[in-house]
Amino acid sequence: MLAFNRSHWGVEAHHWILDWNWDEDRCTIRTGHGPENMTRLRRFATGLIKAKSTDSVSATIDKLARKVRRVFDYLGMTANSVPRAARAAPVS
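Predicted model, so just to flag it, every value in this text is computed and none were measured.

**Describing the side chain of E24**
Tracing the backbone shows E24 in the loop between helix 1 (2-22) and helix 2 (34-52). The contact partners of E24, leaving out residues within four places of it in the chain, are H15, L18, D19, T39 and R42.

Printed below as a string of structure tokens:
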């Protein structure tokens, strides 16, 4: 019984993160594959933030929401995301 209870609260904790950070319960996408796709994107983003950040998911979302450019830097998709030492031309 205790194992069932613990597994239930593990699911609830994950759902709470999605609902608190992404306001998932108030999402108005209701048709087709939209709800499933949005949930997968939210879970992917949450997992990525947890893997890359030392801050909380909420704090990281707040930082990234202020400037869209930071999202690309955070994901390593721009030249700015590469450390300066690695950007410098190699000395021959």
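What follows continues from the structure just given.
**Section: the layout of surface pockets**
Within this model, the largest pocket holds a volume of roughly 260 Å³. Together, W22, L41, F44, A45, L48, I49, I61, L64, V71, Y74 and L75 line the largest pocket. For the lining of the largest pocket, the elements supplying multiple residues, two or more each, are helix 2, helix 3 (57-66) and helix 4 (68-74). Broken down by element, the lining of the largest pocket gets its largest block of residues, five residues, from helix 2.

**Some details on the pattern of salt bridges**
According to the stated counting rule, one finds five salt bridges in the structure shown. As a salt-bridge pair, K63 and D55 come within 2.2 Å of each other at their nearest N and O atoms. Judged by its relative accessible area of 39%, K63 is partly exposed. In this structure, the salt-bridge partner of D73 is R69, at a minimum N-O distance of 3.7 Å. Of the two residues, D73 and R69 both sit in helix 4, four residues apart, roughly one turn of that helix. Take R69: its relative accessible area is 46%, and that puts it in the partly exposed class.

What counts and how
- Residues numbered from 1 in each chain as written.
- Predicted model: local features only at pLDDT ≥ 70, side-chain atom pairs only at ≥ 80, totals over all residues.
- Heavy atoms only, no water.
- Helix = DSSP H or I, 4+ residues; strand = E, 2+ residues; numbered from the N terminus.
- Contact = heavy atoms within 4.5 Å.
- 1 Å grid on protein atoms, 1.4 Å probe; cavity = no way out; pocket = protein on both sides within 12 Å on 5 of 7 lines; lining within 4 Å.
- Points joined across faces, edges and corners; volume = space filled by probe spheres on them.
- Salt bridge = Lys/Arg side-chain N within 4 Å of Asp/Glu carboxyl O.
- Buried < 20%, exposed > 50% of the residue type's maximum accessible area, 1.4 Å probe, protein only.

The quantities given are spatial measurements derived from coordinates; they are silent on function.
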